[in-house]
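Structure at a glance
Here is what each chain is made of, one letter per residue.
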Amino acid sequence: WDNADFSRGVGTTFYQEFSTLNTAKPPFVLDVEAKVRRYLRSSYSAVWTLKITWEKAPAYAARTDTRKTITYQAVLTTDGFRSYILMLYQDGGMQWDYTRLTSTNVLIGYT
């Protein structure tokens with residue numbers, strides 16, 4: 001990620017934790033399990049999942065422009081042996097103007 005800048009009071013970040021060891025799984029966790037199974041073609045049953053959402057986040061430096069924001073999520077999940085991350089972006093992908101960023105070699109994802 002590039003630096004999101006919440007200093008101008010635009011956007012927010014929040015998270016939700018799902019501990020599903022020996023408990024009923026909410027629809028969100030069932031959806032995450034289905035995605036892992038579909039994309040990786042493996043059996044998977046989550047025991048813990050964390051959803052982090054950056055909502056209407058402006059790019060650094062927000063002092064120059066808070067109009068272009070992006071909503072995206074990272075979903076971390078594990079079955080206790082294997083761990084996965086799903087990177088979810090709003091329709092249309094990343095909306096920040098990468099030509100105005102300090103670094104122009106931009107990638108979406110993680111390493």
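Everything discussed here concerns the structure shown above.
This one's a predicted model, so the numbers in the text were calculated from it and none came from an experiment.

How each quantity is defined
Residues numbered from 1 in each chain as written. Predicted model: local features only at pLDDT ≥ 70, side-chain atom pairs only at ≥ 80, totals over all residues. Heavy atoms only, no water. Phe/Tyr/Trp six-rings, centres within 6.5 Å; stacked < 30°, edge-to-face > 60°. Helix = DSSP H or I, 4+ residues; strand = E, 2+ residues; numbered from the N terminus. Lys NZ or Arg CZ within 6 Å of the ring centre and 35° of its normal. Pairing = 2+ DSSP bridges. Axes fitted to C-alpha atoms, helices over the stretch in contact; angles between N-to-C directions. Salt bridge = Lys/Arg side-chain N within 4 Å of Asp/Glu carboxyl O. Buried < 20%, exposed > 50% of the residue type's maximum accessible area, 1.4 Å probe, protein only. Polar contact = N/O pair within 3.5 Å; in protein donor to acceptor, adjacent residues only side chain to side chain. Contact = heavy atoms within 4.5 Å.

For the rest of this paragraph, the subject is the packing of aromatic side chains. Counted under the stated rule, the structure contains 4 aromatic pairs. With centroids separated by 5.2 Å and ring planes inclined at 25°, the aromatic side chains of F18 and F28 adopt a geometry described as stacked. Placement of F18 in strand β1 (residues 12-19) and of F28 in helix α1 (residues 27-40) is noted, with a sequence separation of 10 residues between them. An aromatic cluster of three or more residues is present, and its members are W54, Y72 and Y89. A cation sits over an aromatic face here: R38 above Y39, 4.9 Å from the ring centre. The side chain of K51 reaches across the aromatic face of F28, ending 4.4 Å from its centre.

The next thing to look at is the sheet that holds strand β3 (residues 69-78). Reading across the sheet, the 4 strands line up as β1-β2-β3-β4 and stay open at both edges, with antiparallel pairing between neighbours. The open sheet has two free edges, formed respectively by β1 and β4 (83-89), since each of these has just one partner strand. Across the sheet, the mean angle separating the axes of adjacent strands is 10° when strand polarity is ignored. The sheet contact formed by β1 and strand β2 (residues 48-58) spans 8 bridges and is antiparallel. When the bridges of β2 are listed, T13 appears paired with W54.

Below, the discussion takes up the pattern of salt bridges. Here the structure, examined in full by the defined rule, presents 4 salt bridges. The shortest N-O distance in the salt bridge between K35 and D31 comes to 2.7 Å. Linking K35 with D31, this pair stays in helix α1, spanning 4 residues, or about one helical turn. With a shortest N-O distance of 3.8 Å, E33 and R37 are connected by a salt bridge. Taken together, the residues E33 and R37, both in helix α1 and 4 residues apart, mark about one turn of the helix. Each of K25, E33 and R37 takes part in a single network of salt bridges with overlapping partners.

Even without being a glycine, R41 presents a positive backbone phi close to 50°. Inspection of the secondary structure assignment puts R41 in the loop between α1 and β2. Under the relative-accessibility criterion, R41 is labelled exposed at 77%. Within the chain, K56 stands out as a residue other than glycine whose phi angle is a positive 50°. With respect to the element layout, K56 can be found in strand β2.

Bringing the side chain of E33 into the picture now. Take E33: its relative accessible area is 2%, and that puts it in the buried class. Here A46 takes part through its backbone nitrogen, which lies 2.7 Å from a polar atom of the side chain of E33. With residues near it in sequence (within four places) discarded, E33 still touches K25, Y44, S45 and A46.

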